[in-house]
Amino acid sequence: MNLPSFLWLWKMAAWSMGFSLFAYFILGGTGLWMWNRRAVRSPRPQWLRPFHYITGIVLVLLVLLLLGIGLVGTVGYYGNLGHSPHLAAGLVVVGLVLISAGSATQIGSWKWARSLHIGTNSLLFLGFVWVLFTGWDVVQKYLPD
């Protein structure tokens, strides 16, 4: 397989992870802002909901990019998958992000979708912590001595 330099690939993964965390915290802030506006029965800014949706789409794309980088990089370097708990952590995060995104699209239709969305995003914090810790171990394997 003709793959790019693995160091370049891992740098791309590090930047993508950083942007993913940034997007996650932006989503948390805007989500809390929307919740507060709803709780006090006050109108929210017109731009807030579209901004929250767009940031969520960016997070989904970044997490899928990270999945692709991880799969290509690991198979390219080792020839197969499953060399660390990072794979399981990554798959859990991808799953949680997709559940969160799917439930977000149903908030107006299903009464329980908002609870699922918020609960999934709470679990996603733990998923990101898990992926960060397991990812640090993976990074150590690829850095030159």
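Data block above holds the structure.
## With respect to a nonpolar patch on the surface
On the surface, F25, L123, F125, L126, V129 and F133 cluster together into a nonpolar patch covering about 620 Å² of accessible area. A per-element tally of the nonpolar patch places helix α4 (residues 113-142) first, with five residues. Among the structural elements, F133 can be located in helix α4.

## Digging into the side chain of S16
With respect to the secondary-structure elements, S16 resides in helix α1 (residues 6-39). Looking at S16, the relative accessible area reads 5%, which means it is buried. S16 has contacts with L62, L65, L66 and I69, leaving out every residue within four places of it along the chain.

## Some remarks on the nonpolar core
Membership of the largest hydrophobic core comes to 21 residues, with the highest contact counts inside it found for M17, L59, V63, V93, V97, L124 and F128. Put simply, the parts of the chain that give this core at least two residues each are α1, α2 (48-78), α3 (86-104) and α4. Of the residues forming this core, the biggest block, eight residues, is contributed by α1. Apart from residues no more than four positions distant in its own chain, F128 is found in contact with M17, S20, L21, Y24, L59 and V93.

## A few points about unusual backbone geometry
Notably, R41 is not glycine yet its phi reads approximately 55°, a positive angle. Relative to the helices and strands, R41 is located in the loop between α1 and α2. A residue is classified by how much of its surface remains accessible, and R41, at 78% relative accessible area, is exposed.

## Here we look at α3
Here α3 spans 27 Å end to end across 19 residues, near enough to the 27 Å set by a 1.5 Å rise per residue. For α3, every residue scored as buried is listed here: A89, G90, V93, V94, L96, V97, S100, S103 and A104.

Calculation notes
Residues numbered from 1 in each chain as written. Predicted model: local features only at pLDDT ≥ 70, side-chain atom pairs only at ≥ 80, totals over all residues. Heavy atoms only, no water. Patch = residues over 30% accessible without salt bridge, like charges linked within 9 Å, V, L, I, M, F, W, Y side chains within 5 Å. Areas by Shrake-Rupley, 256 points an atom, 1.4 Å probe, with all protein chains shown as cover. Salt bridge = Lys/Arg side-chain N within 4 Å of Asp/Glu carboxyl O. Helix = DSSP H or I, 4+ residues; strand = E, 2+ residues; numbered from the N terminus. Buried < 20%, exposed > 50% of the residue type's maximum accessible area, 1.4 Å probe, protein only. Contact = heavy atoms within 4.5 Å. Core = buried A, V, L, I, M, F, W, Y, C linked by side-chain atoms within 4.5 Å. Expected span 1.5 Å × (residues − 1).

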